[in-house]
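# Reading the structure
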Amino acid sequence: MSQRKVSGDAGRATIRDVAEQAGVSVASVSRVLSGNYPVSEELRRRVMKVVRDLDYVTNAHARSLAGGGTPTVAILMDNITGAAFAHVAKGVEGAATLRGWLSLVGTTGNDPERELALVNLMRQQGVAAVVLLGGAYDQDEYQLRMARFARSLDAAGSRLVLVGRPSLEGDVPATTVDYDNEGGAYAMASHLLSAGHREVLVLPGHAGLSTAQGRLRGAQRAFEAYGVTFDPGMVRHGPYDDQHGYRAVEQALRDGPAFTAVLAGTDVVAAGAMQALRAAGLRVPEDVSIVGYDDIPLASQLTPQLTTVHVPYEEMGRVALRAVADLREGGGGRRKGIDGDHLVLGTHVVVRNSVRPPTRP
């Protein structure tokens, strides 16, 4: 019986222990374990016997940094409970699994500093890609620091992928997978306007978030196209949660302005707005119409079912992972003009039961 001799922490065998007992160099052990280099059958058997005897476990992180092992993709999102983000993450993870990749998920809590810190941490960990989900922050320092991280990831053979947010400014090595955010809001606002609504309470999201800015621009363009004056006083900024929808509608009902429809920035915000209307004794859509954005499962579960904008979130996740995998398989991030690639998926209105013409002119 061979004697187990280890020098690692807490009795864990190291690659040096394997090399010593097998009577070969550390480099030879590494070649056998990686499977990326031709070795003799006799060498392979000798090394693998010692690996079994010592119960040696390969350091997957070290192999990843060396270009071997299982690639890992880091998925960073604002809130892990958000249905839209969850569907993107599902698409990324599903596509990663098909390729034998691992997925990590981190949350930023809507904090740009935490997002930057997590990107930097993933860069240090040597992940194959960092996928950022959701809107970006309209801050110069944030843009500059994120661009630096993108270049650093690229230099290390990794990739920054932006999903559902604008590309970084300048010549930055990052891939963007976006959707027609502004176009979806334009179509949704047009749907309300075509039904006869002119007094529309708009809840686009946080003022500094790119997603909210795009949705507000889309609504404004629709009003302009219909020849209707857009009143900035009808806009209420806030987070993408049901509490904001509830409070914004509750306040507008109490203090004004009067409205016949609510254009919510997300389906979740629309759900909160619906609750506030019901609490005030108002019916949807008989008294007030409501529309959302995202088309998450909640939209079809509400009563009445919510008219909303469908965003192909899961497909965006799959496209994002495929883009990164194609780069790695192609041998680098600067082939075929991929730098600055901005892939845009379409959106469309899903008409359900939450809109009727206004009861007052």
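Structure: see above.
Read on for a plain summary of the structure. (Residues numbered from 1 in each chain as written. Predicted model: local features only at pLDDT ≥ 70, side-chain atom pairs only at ≥ 80, totals over all residues. Heavy atoms only, no water.)

This paragraph deals with a negative patch on the surface. Taken together, the side chains of Asp-138, Asp-140, Glu-141 and Glu-169 present a region of like negative charge at the surface. Assignment of secondary structure puts Asp-140 in helix α7 (residues 140-155). Judged by its relative accessible area of 65%, Asp-140 falls in the exposed class. (Patch = residues over 30% accessible without salt bridge, like charges linked within 9 Å, V, L, I, M, F, W, Y side chains within 5 Å. Areas by Shrake-Rupley, 256 points an atom, 1.4 Å probe, with all protein chains shown as cover. Salt bridge = Lys/Arg side-chain N within 4 Å of Asp/Glu carboxyl O. Lys, Arg positive; Asp, Glu negative; His and termini not counted. Charge placed at Lys NZ, Arg CZ, Asp CG, Glu CD. Helix = DSSP H or I, 4+ residues; strand = E, 2+ residues; numbered from the N terminus. Buried < 20%, exposed > 50% of the residue type's maximum accessible area, 1.4 Å probe, protein only.)

So, on to the packing of aromatic side chains. Summed over all chains, the structure comprises two aromatic pairs. Ring geometry for Tyr-179 versus Tyr-313: centroids 5.9 Å apart, planes at 75 degrees, classification edge-to-face. In this pair, Tyr-179 sits in strand β5 (residues 174-179) while Tyr-313 sits in helix α13 (residues 313-329), placing the two residues 134 residues apart along the sequence. Like Tyr-313, Tyr-179 is buried. Geometrically, the ring pair formed by Phe-223 and Phe-230 is edge-to-face, given 5.2 Å between the ring centres and 85 degrees between the ring planes. By relative accessible area, Phe-223 is classed as buried at 3%. The aromatic ring of Tyr-293 is capped on one face by Arg-215, whose charged end is 3.7 Å from the ring centroid. (Phe/Tyr/Trp six-rings, centres within 6.5 Å; stacked < 30°, edge-to-face > 60°. Lys NZ or Arg CZ within 6 Å of the ring centre and 35° of its normal.)

Another aspect to go through is the sheet that holds strand β8 (residues 289-291). Pairing within the open sheet is parallel, and its three strands lie in the order β6-β7-β8. Unpaired on one side and paired on the other, β6 (200-203) and β8 mark the two borders of the sheet. Neighbour-to-neighbour, the strand axes of the sheet open up by a mean angle of 15 degrees, direction not taken into account. Pairing geometry for strand β7 (residues 261-264) and β8, over three bridges, is parallel. Across the sheet, residue Ala-261 finds its bridge partner in β8, namely Ser-289. (Pairing = 2+ DSSP bridges. Axes fitted to C-alpha atoms, helices over the stretch in contact; angles between N-to-C directions.)

What follows concerns the nonpolar core. Nonpolar side chains tend toward joint burial in soluble globular proteins. By size, the foremost hydrophobic cluster in this structure holds 49 residues, and its most contacted members are Val-163 and Leu-263. Those residues in contact with Leu-263 that lie beyond four places of it in its chain are Met-188, Ala-189, Leu-192, Val-200, Leu-201, Val-202, Leu-203, Ala-219 and Val-291. (Core = buried A, V, L, I, M, F, W, Y, C linked by side-chain atoms within 4.5 Å. Contact = heavy atoms within 4.5 Å.)

Turning next to the environment of Ser-152. Tracing the backbone through its elements, the reader meets Ser-152 in helix α7. Expressed as a C-alpha distance, the spacing of Ser-152 and Pro-173, which sit 21 residues apart in the sequence, is 9.3 Å.

To continue, consider the pairing of strand β1 (residues 72-77). Among the six residues in β1, six count as buried, and that is most of the element. Side chains Thr-72, Ala-74 and Leu-76 of β1 all project onto a buried face; the interleaved residues Val-73, Ile-75 and Met-77 project onto the opposite face, where all are buried too. Pairing of β1 with strand β2 (residues 102-107) involves six bridges; the strand directions are parallel. Note on β2: the bridge partner recorded for Ala-74 is Leu-104. Chirality of the crossover, the property in question, places the unit of β1, helix α5 (residues 83-98) and β2 among those that are right-handed. Inspection of the sheet shows β1 paired to strand β3 (residues 129-133) by four bridges, in the parallel sense. Considered in β3, the bridge of Leu-76 is made with Leu-132. (Right-handed = clockwise from strand over helix to strand, strands pointing away.)

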